[in-house]
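Coordinate inspection notes
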Amino acid sequence: MTSASVAVVPTMGMAPREADVLRLIAEGLDTRQISEKLAYSERTVKNALHALMTRLHLRNRAHAVAYALREGDI
């Protein structure tokens, strides 16, 4: 496996996709609207949010948005 084929997952902070999803959640969009706006599937949006919330031990979408705001990620 070459290094180009390995996905980089940040251990701290957020991936750009995660920040994009949270930014749109903060604007009040639901999963379907986010998927349409970013041209991702709804599953991709849910997976990005789930990965972030699991990695950072966040309880819900509001907690995730509050965390991102405090950290300056969105």
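These numbers come from a predicted model, not from an experiment. Per chain, the residues get numbers from 1 upward, laid out in the order the sequence is written. Whole-chain, interface and lining totals are the exception, using all residues; otherwise, since this is a predicted model, local features are given only for residues with pLDDT of at least 70 and side-chain atom pairs are given and counted only at 80 or more. Note that the side-chain values use all heavy atoms of the structure and ignore hydrogens as well as water.

Brief notes about the environment of Lys46
What counts is decided by this rule: Helix and strand definitions follow DSSP, with helices as H or I runs of at least four residues and strands as E runs of at least two, each counted in order from the N terminus.
On the secondary structure map, Lys46 appears in helix H3 (residues 42-56). On a C-alpha basis, the gap between Lys46 and Ile34 in space is 10.0 Å, while along the polypeptide they are 12 residues apart.

Focus: the packing of helix H1 (residues 16-26) against helix H2 (residues 31-38)
Any two packed helices are characterised by how steeply their axes cross, that is the angle between the axes, and by the distance between the axes. Rules: Note on geometry: axes are lines fitted to C-alpha atoms, helical ones only across the stretch in contact, with angles between N-to-C directions running from 0 to 180 degrees. Reported orientations rely on four angle classes, namely roughly parallel under 35 degrees, roughly antiparallel over 145, roughly perpendicular from 65 to 115, and oblique for the rest. Should the near helix be turned counterclockwise from the far one by less than a right angle, the crossing is left-handed, whereas a clockwise turn marks it as right-handed. Residues are treated as being in contact if the distance between any of their heavy atoms lies within 4.5 Å. As a working rule, the residues Ala, Val, Leu, Ile, Met, Phe, Trp, Tyr, Cys and Pro are called nonpolar, Asp, Glu, Lys and Arg charged, and the rest polar, with Gly in that last group.
Viewed as axis vectors pointing N to C, H1 and H2 meet at an angle of 125°, and their least axial separation amounts to 10 Å. Taken together, the axes of H1 and H2 are oblique relative to one another. The handedness of the crossing between H1 and H2 is right-handed. Here H1 contributes Asp20, Val21, Leu24 and Ile25 to the contact with H2, which in turn contributes Ile34, Lys37 and Leu38. Partitioning the contact of H1 with H2 into residue classes produces five nonpolar, no polar and two charged.

Observations regarding the confidence of the model for the chain
Condition: As a per-residue quantity, pLDDT reports the predictor's confidence and falls between 0 and 100.
When pLDDT is averaged across the chain, the result is 87; 84% of the residues are at 70 or more. Element-level pLDDT for the chain is lowest in helix H4 (residues 61-71), with a mean of 95, against a maximum mean of 98 in H2. A low-confidence stretch, residues 5-11 stays under pLDDT 50, and its non-local contacts, those more than four residues away or across chains, total five contacts.

Let's talk about the pattern of salt bridges
Cut-off, in case you're wondering: When a carboxyl oxygen of Asp or Glu lies within 4 Å of a side-chain nitrogen of Lys or Arg, that pair is called a salt bridge. Type-normalised accessible area, obtained with a 1.4 Å probe on protein chains alone, sets the label of each residue: buried when under 20%, exposed when over 50%, and partly exposed for intermediate values.
Inspection of every chain in the model, using the stated rule, returns three salt bridges. For Arg23, the salt bridge identified is with Asp20, shortest N-O distance 2.9 Å. Taken together, the positions of Arg23 and Asp20, both in helix H1 and three residues apart, correspond to about one turn of that helix. For Arg23, a relative accessible area of 34% gives the class partly exposed. Residue classification places Asp20 among the partly exposed positions, given a relative accessible area of 26%. Where Arg32 meets Glu36, a salt bridge forms, and the shortest distance between an N and an O atom there is 3.1 Å. Taken together, the residues span about one helical turn, with Arg32 and Glu36 both in helix H2 at a distance of four residues.

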